[in-house]
Amino acid sequence: MTGIIIGSLLLLIVLAAVLFLNLSPEFGGTATREQKEFYTKSVNYEDGQFINLGNVKMSMGFGDMVSTLFKFFSPLPNTTPDSNLPVEKIDSVSIAEYIGPTRLFWFGHSTFLVQVNNKNILIDPMFGPVPAPHPMLGSKRFSKELPIEIEQLPQIDAVIISHDHFDHLDYGSIQKLKNKVKMFYTPLGVGVHLQKWGVEKERIVELDWWQETTFEDLTFVCTPAQHFSGRGLTDRGCTQWGSWIIQSESDNIYFSGDSGYGPHFLEIGKLYGPFDFAMLECGQYNTMWQEIHMLPEETAQAGIDLQAKRFMPIHWGTFKLALHPWTEPVERVSKKAKELDIELVTPKIGEPIMITDSIDYPKEEWWAKGMGPGV
(Lines give C-alpha, C1' and ligand atoms only; values in the text may rest on other atoms or scores of the structure.)
Protein backbone atom coordinates (compact mmCIF):
# COMPACT_ATOMS: atom_id res chain seq x y z
CA MET A 1 0.00 0.00 0.00
CA THR A 2 2.85 2.38 0.86
CA GLY A 3 4.43 1.67 -2.51
CA ILE A 4 1.20 2.51 -4.30
CA ILE A 5 0.92 5.84 -2.45
CA ILE A 6 4.54 6.78 -3.19
CA GLY A 7 4.14 5.75 -6.82
CA SER A 8 0.96 7.80 -7.16
CA LEU A 9 2.64 10.85 -5.63
CA LEU A 10 5.58 10.53 -8.01
CA LEU A 11 3.19 10.17 -10.94
CA LEU A 12 1.33 13.31 -9.86
CA ILE A 13 4.60 15.23 -9.56
CA VAL A 14 5.70 14.12 -13.04
CA LEU A 15 2.27 14.97 -14.48
CA ALA A 16 2.34 18.42 -12.86
CA ALA A 17 5.83 19.05 -14.24
CA VAL A 18 4.78 17.99 -17.75
CA LEU A 19 1.70 20.21 -17.64
CA PHE A 20 3.76 23.14 -16.35
CA LEU A 21 6.38 22.76 -19.09
CA ASN A 22 3.73 22.52 -21.80
CA LEU A 23 1.15 25.02 -20.59
CA SER A 24 3.06 27.79 -18.82
CA PRO A 25 3.60 30.84 -21.06
CA GLU A 26 6.95 31.42 -19.33
CA PHE A 27 8.67 29.00 -21.69
CA GLY A 28 7.85 31.05 -24.78
CA GLY A 29 7.36 30.02 -28.37
CA THR A 30 8.71 27.52 -30.89
CA ALA A 31 10.08 28.32 -34.33
CA THR A 32 8.05 27.27 -37.35
CA ARG A 33 9.48 25.09 -40.14
CA GLU A 34 9.88 28.17 -42.30
CA GLN A 35 11.77 30.00 -39.56
CA LYS A 36 14.11 27.05 -39.04
CA GLU A 37 14.80 26.94 -42.76
CA PHE A 38 15.71 30.62 -42.60
CA TYR A 39 18.14 29.96 -39.74
CA THR A 40 20.08 27.51 -41.93
CA LYS A 41 21.42 30.53 -43.82
CA SER A 42 23.44 31.37 -40.72
CA VAL A 43 26.96 29.92 -40.53
CA ASN A 44 26.33 29.58 -36.80
CA TYR A 45 23.43 27.13 -37.27
CA GLU A 46 24.16 23.43 -37.58
CA ASP A 47 21.96 20.34 -37.32
CA GLY A 48 19.00 22.31 -36.01
CA GLN A 49 20.92 24.26 -33.37
CA PHE A 50 22.90 27.47 -33.07
CA ILE A 51 26.56 26.94 -32.20
CA ASN A 52 29.50 28.92 -30.87
CA LEU A 53 32.51 29.98 -32.89
CA GLY A 54 34.80 26.97 -33.02
CA ASN A 55 31.81 24.90 -31.83
CA VAL A 56 32.82 25.56 -28.20
CA LYS A 57 30.56 23.71 -25.76
CA MET A 58 30.16 23.58 -21.99
CA SER A 59 32.16 20.60 -20.72
CA MET A 60 30.29 20.10 -17.43
CA GLY A 61 28.95 16.54 -17.22
CA PHE A 62 25.77 15.19 -15.62
CA GLY A 63 27.56 14.29 -12.40
CA ASP A 64 28.91 17.83 -12.09
CA MET A 65 25.42 19.22 -12.65
CA VAL A 66 23.92 17.09 -9.89
CA SER A 67 26.72 18.00 -7.49
CA THR A 68 26.40 21.71 -8.28
CA LEU A 69 22.60 21.62 -7.88
CA PHE A 70 22.96 20.04 -4.45
CA LYS A 71 25.49 22.68 -3.39
CA PHE A 72 23.35 25.49 -4.79
CA PHE A 73 20.47 24.70 -2.45
CA SER A 74 22.82 24.16 0.50
CA PRO A 75 23.46 27.03 2.97
CA LEU A 76 26.86 28.06 1.59
CA PRO A 77 28.35 31.12 3.33
CA ASN A 78 28.77 34.53 1.68
CA THR A 79 26.73 33.79 -1.45
CA THR A 80 24.16 36.50 -0.63
CA PRO A 81 24.38 39.82 1.25
CA ASP A 82 23.12 39.87 4.82
CA SER A 83 20.88 42.86 4.19
CA ASN A 84 18.89 44.46 1.43
CA LEU A 85 21.20 46.10 -1.12
CA PRO A 86 20.86 49.89 -1.51
CA VAL A 87 19.14 51.22 -4.60
CA GLU A 88 19.17 54.79 -5.83
CA LYS A 89 15.68 55.77 -6.90
CA ILE A 90 15.11 57.25 -10.35
CA ASP A 91 12.57 60.04 -10.76
CA SER A 92 10.10 59.31 -13.56
CA VAL A 93 9.85 62.96 -14.61
CA SER A 94 13.61 63.37 -14.89
CA ILE A 95 13.74 60.27 -17.10
CA ALA A 96 10.91 61.41 -19.34
CA GLU A 97 12.23 64.95 -19.78
CA TYR A 98 15.95 64.20 -20.02
CA ILE A 99 17.92 65.95 -22.77
CA GLY A 100 21.68 65.70 -22.52
CA PRO A 101 24.73 63.46 -22.97
CA THR A 102 24.29 59.72 -23.19
CA ARG A 103 23.69 58.17 -19.79
CA LEU A 104 22.90 54.72 -18.41
CA PHE A 105 21.18 53.34 -15.34
CA TRP A 106 21.96 49.86 -14.02
CA PHE A 107 19.01 47.91 -12.61
CA GLY A 108 21.25 45.11 -11.35
CA HIS A 109 22.40 41.93 -13.08
CA SER A 110 22.41 42.73 -16.84
CA THR A 111 19.49 45.15 -17.11
CA PHE A 112 20.11 48.75 -18.24
CA LEU A 113 18.21 51.82 -19.28
CA VAL A 114 20.23 53.75 -21.87
CA GLN A 115 19.28 57.33 -22.72
CA VAL A 116 20.98 58.35 -25.95
CA ASN A 117 19.99 60.95 -28.58
CA ASN A 118 16.75 61.66 -26.68
CA LYS A 119 15.78 57.98 -26.87
CA ASN A 120 15.11 55.42 -24.17
CA ILE A 121 16.60 51.96 -24.73
CA LEU A 122 16.25 48.99 -22.40
CA ILE A 123 18.80 46.17 -22.45
CA ASP A 124 17.83 42.70 -21.19
CA PRO A 125 14.85 44.00 -19.17
CA MET A 126 14.61 41.57 -16.27
CA PHE A 127 12.58 43.37 -13.57
CA GLY A 128 11.13 40.27 -11.90
CA PRO A 129 11.96 39.08 -8.37
CA VAL A 130 13.23 35.62 -9.41
CA PRO A 131 15.15 34.61 -12.59
CA ALA A 132 13.16 31.42 -13.11
CA PRO A 133 9.87 30.23 -14.62
CA HIS A 134 8.38 29.88 -11.12
CA PRO A 135 9.18 31.68 -7.83
CA MET A 136 10.02 28.36 -6.15
CA LEU A 137 12.69 27.57 -8.74
CA GLY A 138 15.08 30.48 -8.22
CA SER A 139 16.76 32.78 -5.74
CA LYS A 140 15.27 36.16 -4.88
CA ARG A 141 16.69 39.50 -5.94
CA PHE A 142 19.20 40.98 -3.47
CA SER A 143 17.35 44.30 -3.43
CA LYS A 144 13.67 44.55 -2.51
CA GLU A 145 13.08 47.58 -4.73
CA LEU A 146 13.91 48.63 -8.28
CA PRO A 147 15.25 52.10 -9.12
CA ILE A 148 11.95 52.71 -10.88
CA GLU A 149 8.96 50.47 -11.52
CA ILE A 150 8.02 49.44 -15.05
CA GLU A 151 4.75 51.33 -14.80
CA GLN A 152 6.66 54.58 -14.15
CA LEU A 153 8.95 54.25 -17.15
CA PRO A 154 8.25 56.55 -20.11
CA GLN A 155 7.83 55.40 -23.69
CA ILE A 156 10.62 52.97 -24.57
CA ASP A 157 11.99 53.43 -28.07
CA ALA A 158 13.82 50.11 -28.28
CA VAL A 159 14.43 46.96 -26.28
CA ILE A 160 17.62 44.98 -26.97
CA ILE A 161 17.81 41.35 -25.83
CA SER A 162 21.00 39.26 -25.71
CA HIS A 163 19.51 35.76 -25.36
CA ASP A 164 16.52 33.85 -24.06
CA HIS A 165 17.59 32.72 -20.57
CA PHE A 166 15.23 33.64 -17.75
CA ASP A 167 17.62 36.11 -16.13
CA HIS A 168 17.76 38.13 -19.38
CA LEU A 169 14.37 37.58 -21.01
CA ASP A 170 11.60 37.77 -18.42
CA TYR A 171 8.01 36.95 -19.34
CA GLY A 172 6.45 39.13 -16.65
CA SER A 173 8.58 42.12 -17.57
CA ILE A 174 7.74 41.80 -21.27
CA GLN A 175 4.04 41.61 -20.47
CA LYS A 176 4.23 44.92 -18.60
CA LEU A 177 6.52 46.57 -21.14
CA LYS A 178 5.27 45.46 -24.53
CA ASN A 179 2.62 48.15 -25.02
CA LYS A 180 5.05 51.00 -24.36
CA VAL A 181 7.89 49.74 -26.60
CA LYS A 182 8.30 50.79 -30.23
CA MET A 183 10.76 48.11 -31.40
CA PHE A 184 12.48 44.95 -30.11
CA TYR A 185 15.92 43.80 -31.32
CA THR A 186 17.10 40.24 -30.73
CA PRO A 187 19.49 37.59 -32.07
CA LEU A 188 17.98 35.07 -34.49
CA GLY A 189 15.08 33.08 -33.10
CA VAL A 190 14.46 34.99 -29.87
CA GLY A 191 11.57 36.78 -31.54
CA VAL A 192 9.47 33.58 -31.38
CA HIS A 193 9.14 34.09 -27.62
CA LEU A 194 8.10 37.71 -28.01
CA GLN A 195 5.48 36.80 -30.61
CA LYS A 196 4.12 34.08 -28.34
CA TRP A 197 3.76 36.74 -25.65
CA GLY A 198 1.79 39.13 -27.86
CA VAL A 199 4.42 41.33 -29.53
CA GLU A 200 3.62 41.88 -33.20
CA LYS A 201 6.11 40.49 -35.71
CA GLU A 202 6.42 43.94 -37.29
CA ARG A 203 7.94 45.30 -34.08
CA ILE A 204 10.66 42.64 -33.89
CA VAL A 205 14.00 42.75 -35.69
CA GLU A 206 16.18 39.63 -35.50
CA LEU A 207 19.85 39.79 -36.47
CA ASP A 208 22.59 37.24 -37.04
CA TRP A 209 26.11 37.85 -35.75
CA TRP A 210 27.87 40.73 -37.52
CA GLN A 211 24.63 42.10 -38.92
CA GLU A 212 23.78 45.78 -38.45
CA THR A 213 20.56 47.73 -38.48
CA THR A 214 19.64 51.36 -38.01
CA PHE A 215 17.06 52.72 -35.62
CA GLU A 216 16.51 56.34 -36.61
CA ASP A 217 19.89 58.01 -35.90
CA LEU A 218 21.38 55.01 -34.05
CA THR A 219 23.12 51.87 -35.27
CA PHE A 220 22.68 48.51 -33.54
CA VAL A 221 25.14 45.69 -34.27
CA CYS A 222 24.63 42.09 -33.18
CA THR A 223 28.03 40.56 -32.43
CA PRO A 224 29.17 37.12 -31.24
CA ALA A 225 29.14 35.76 -27.71
CA GLN A 226 30.22 32.36 -26.38
CA HIS A 227 27.22 30.96 -24.59
CA PHE A 228 24.08 28.86 -25.22
CA SER A 229 20.29 29.25 -25.11
CA GLY A 230 17.10 27.49 -24.06
CA ARG A 231 14.17 28.00 -21.68
CA GLY A 232 12.89 24.42 -21.38
CA LEU A 233 14.20 20.86 -21.35
CA THR A 234 14.25 20.29 -25.10
CA ASP A 235 15.03 23.65 -26.73
CA ARG A 236 18.75 24.04 -26.06
CA GLY A 237 20.38 25.99 -28.89
CA CYS A 238 17.10 26.66 -30.70
CA THR A 239 17.65 30.42 -30.52
CA GLN A 240 20.82 32.45 -30.94
CA TRP A 241 22.70 34.38 -28.27
CA GLY A 242 24.83 37.45 -28.83
CA SER A 243 26.41 40.67 -27.68
CA TRP A 244 25.41 44.14 -28.89
CA ILE A 245 26.91 47.44 -29.96
CA ILE A 246 25.00 50.72 -29.73
CA GLN A 247 26.45 53.51 -31.85
CA SER A 248 25.48 57.16 -32.05
CA GLU A 249 27.33 59.95 -33.78
CA SER A 250 29.27 60.62 -30.59
CA ASP A 251 29.26 57.35 -28.59
CA ASN A 252 30.25 53.73 -29.10
CA ILE A 253 28.88 51.36 -26.41
CA TYR A 254 29.33 47.60 -26.05
CA PHE A 255 27.18 45.10 -24.13
CA SER A 256 28.53 41.57 -23.75
CA GLY A 257 25.40 39.67 -22.77
CA ASP A 258 26.52 36.33 -21.32
CA SER A 259 29.78 34.96 -22.68
CA GLY A 260 32.80 32.87 -21.96
CA TYR A 261 36.14 34.40 -22.85
CA GLY A 262 37.20 33.85 -26.44
CA PRO A 263 38.78 35.38 -29.55
CA HIS A 264 35.55 37.11 -30.49
CA PHE A 265 36.34 39.99 -28.12
CA LEU A 266 39.56 40.77 -29.96
CA GLU A 267 37.79 40.58 -33.32
CA ILE A 268 34.96 42.85 -32.17
CA GLY A 269 37.53 45.33 -30.87
CA LYS A 270 39.40 45.35 -34.18
CA LEU A 271 36.23 45.81 -36.25
CA TYR A 272 34.22 48.19 -34.07
CA GLY A 273 36.51 49.53 -31.33
CA PRO A 274 37.58 51.52 -29.52
CA PHE A 275 34.57 51.67 -27.23
CA ASP A 276 33.71 54.56 -24.94
CA PHE A 277 32.04 52.21 -22.49
CA ALA A 278 31.73 48.42 -22.21
CA MET A 279 29.35 46.44 -20.01
CA LEU A 280 31.02 43.06 -19.47
CA GLU A 281 29.74 39.92 -17.82
CA CYS A 282 31.43 39.24 -14.48
CA GLY A 283 29.55 36.90 -12.21
CA GLN A 284 27.76 33.54 -11.90
CA TYR A 285 30.92 31.75 -13.00
CA ASN A 286 32.54 28.45 -12.12
CA THR A 287 35.55 26.65 -13.59
CA MET A 288 33.15 23.84 -14.54
CA TRP A 289 31.32 26.15 -16.95
CA GLN A 290 34.12 28.57 -17.78
CA GLU A 291 33.48 28.11 -21.50
CA ILE A 292 30.18 29.98 -21.27
CA HIS A 293 30.75 32.40 -18.35
CA MET A 294 33.98 34.39 -17.98
CA LEU A 295 36.05 34.45 -14.83
CA PRO A 296 36.60 37.99 -13.46
CA GLU A 297 40.21 38.15 -14.66
CA GLU A 298 39.02 37.26 -18.15
CA THR A 299 36.42 40.03 -17.95
CA ALA A 300 39.17 42.62 -17.49
CA GLN A 301 41.17 41.12 -20.35
CA ALA A 302 38.08 41.26 -22.56
CA GLY A 303 37.96 45.00 -21.89
CA ILE A 304 41.52 45.28 -23.19
CA ASP A 305 40.70 43.14 -26.25
CA LEU A 306 37.70 45.34 -27.05
CA GLN A 307 39.82 48.51 -26.80
CA ALA A 308 37.39 49.85 -24.22
CA LYS A 309 38.29 53.14 -22.55
CA ARG A 310 36.50 51.89 -19.44
CA PHE A 311 34.31 48.98 -18.51
CA MET A 312 31.71 47.99 -15.97
CA PRO A 313 31.28 44.49 -14.49
CA ILE A 314 27.70 43.23 -14.86
CA HIS A 315 25.80 39.99 -14.18
CA TRP A 316 26.63 40.18 -10.47
CA GLY A 317 25.23 41.71 -7.26
CA THR A 318 21.58 40.84 -7.93
CA PHE A 319 20.89 37.10 -7.97
CA LYS A 320 22.55 33.96 -6.66
CA LEU A 321 23.12 31.82 -9.76
CA ALA A 322 26.50 30.34 -8.82
CA LEU A 323 28.42 29.24 -5.75
CA HIS A 324 30.96 32.04 -5.35
CA PRO A 325 30.70 34.75 -2.65
CA TRP A 326 28.47 37.55 -3.88
CA THR A 327 31.22 40.23 -3.77
CA GLU A 328 33.96 38.04 -5.21
CA PRO A 329 33.33 39.01 -8.87
CA VAL A 330 33.84 42.75 -8.35
CA GLU A 331 36.76 42.22 -5.97
CA ARG A 332 38.64 39.96 -8.39
CA VAL A 333 37.94 42.09 -11.44
CA SER A 334 39.00 45.25 -9.57
CA LYS A 335 42.38 43.72 -8.81
CA LYS A 336 42.90 42.60 -12.41
CA ALA A 337 41.78 45.95 -13.86
CA LYS A 338 44.49 47.68 -11.83
CA GLU A 339 47.09 45.22 -13.14
CA LEU A 340 46.01 45.82 -16.74
CA ASP A 341 45.61 49.58 -16.22
CA ILE A 342 42.07 49.75 -17.54
CA GLU A 343 39.44 52.00 -15.94
CA LEU A 344 36.78 50.18 -13.93
CA VAL A 345 33.32 51.67 -13.32
CA THR A 346 31.27 50.44 -10.33
CA PRO A 347 27.96 52.30 -9.93
CA LYS A 348 25.31 51.49 -7.38
CA ILE A 349 22.06 50.12 -8.72
CA GLY A 350 20.13 53.12 -10.06
CA GLU A 351 23.10 55.53 -10.03
CA PRO A 352 23.43 57.51 -13.30
CA ILE A 353 26.45 56.72 -15.49
CA MET A 354 27.29 59.62 -17.82
CA ILE A 355 29.14 58.68 -21.00
CA THR A 356 31.47 61.65 -21.16
CA ASP A 357 35.14 62.32 -20.42
CA SER A 358 34.29 65.55 -18.59
CA ILE A 359 32.72 63.84 -15.55
CA ASP A 360 34.21 61.27 -13.18
CA TYR A 361 32.67 57.80 -13.45
CA PRO A 362 31.25 56.03 -10.35
CA LYS A 363 34.00 54.08 -8.59
CA GLU A 364 32.82 53.77 -4.99
CA GLU A 365 33.30 50.35 -3.36
CA TRP A 366 29.72 50.43 -2.12
CA TRP A 367 29.50 46.64 -1.72
CA ALA A 368 32.06 46.78 1.12
CA LYS A 369 30.13 49.25 3.29
CA GLY A 370 27.97 47.63 5.92
CA MET A 371 26.55 44.86 3.72
CA GLY A 372 28.54 41.92 4.94
CA PRO A 373 28.14 38.34 3.80
CA GLY A 374 24.97 36.40 4.24
CA VAL A 375 24.17 32.78 3.67
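Residues numbered from 1 in each chain as written. Predicted model: local features only at pLDDT ≥ 70, side-chain atom pairs only at ≥ 80, totals over all residues. Heavy atoms only, no water.

(A) Layout of the packing of aromatic side chains. Throughout the structure, instances matching the rule amount to 20 aromatic pairs. For the pair F142 and W326, a centre-to-centre distance of 6.2 Å together with 80° between the ring planes defines the contact as edge-to-face. A residue pair is termed long-range when its members are at least 10 positions apart, and F142 in the loop between β5 (119–123) and β6 (156–160) and W326 in the loop between β14 (310–314) and α9 (328–340) qualify at 184 residues. Residue classification places F142 among the buried positions, given a relative accessible area of 9%. Centroid distance Y185 to F215: 6.1 Å. Interplanar angle 75°. Geometry classified as edge-to-face. Highlighted residues: Y185 in strand β7 (residues 181–187) and F215 in strand β9 (residues 211–215), separated in sequence by 30 residues. Judged by its relative accessible area of 6%, F215 is buried. Ring pairs connect the aromatic residues W106, F142, W316, W326, W366 and W367, which therefore count as one cluster. Directly above the aromatic system of Y98 lies the positively charged group of R103, at a separation of 3.7 Å from the ring centroid. (Phe/Tyr/Trp six-rings, centres within 6.5 Å; stacked < 30°, edge-to-face > 60°. Helix = DSSP H or I, 4+ residues; strand = E, 2+ residues; numbered from the N terminus. Buried < 20%, exposed > 50% of the residue type's maximum accessible area, 1.4 Å probe, protein only. Lys NZ or Arg CZ within 6 Å of the ring centre and 35° of its normal.)

(B) Expanded view of α9. In this model, α9 (13 residues) spans 18 Å end to end at C-alpha, consistent with the 18 Å of a helix rising 1.5 Å per residue. Within α9, the full set of buried residues consists of P329, V330, V333, S334 and A337. Buried residues of α9, viewed axially, fall in a sector of 125°; they line one side. With respect to the buried face of α9, the exposed residues turned more than 90 degrees away are K335, K338 and E339. Looking at the buried residues of α9, the elements they touch are α8 (296–305), β14 and β15 (343–344). (Expected span 1.5 Å × (residues − 1). Arc of directions from axis to C-beta. Contact = heavy atoms within 4.5 Å.)

(C) Representation of the side chain of T318. Among the structural elements, T318 can be located in the loop between β14 and α9. Owing to a relative accessible area of 1%, T318 belongs among the buried residues under this scheme. At a separation of 2.6 Å, a polar atom in the side chain of T318 contacts the main-chain amide nitrogen of H109. Those residues in contact with T318 that lie beyond four places of it in its chain are W106, G108, H109, K140, R141 and F142. (Polar contact = N/O pair within 3.5 Å; in protein donor to acceptor, adjacent residues only side chain to side chain.)

(D) Structural view of the pairing of β9. In terms of strand pairing, β9 meets strand β10 (residues 218–223) through five bridges, oriented antiparallel. Looking at the pairing, T214 lines up with T219 of β10. Between β9 and β10, which pair antiparallel and follow one another directly, the connecting turn spans two residues, one of which, E216, has a positive phi of 55°. (Pairing = 2+ DSSP bridges.)

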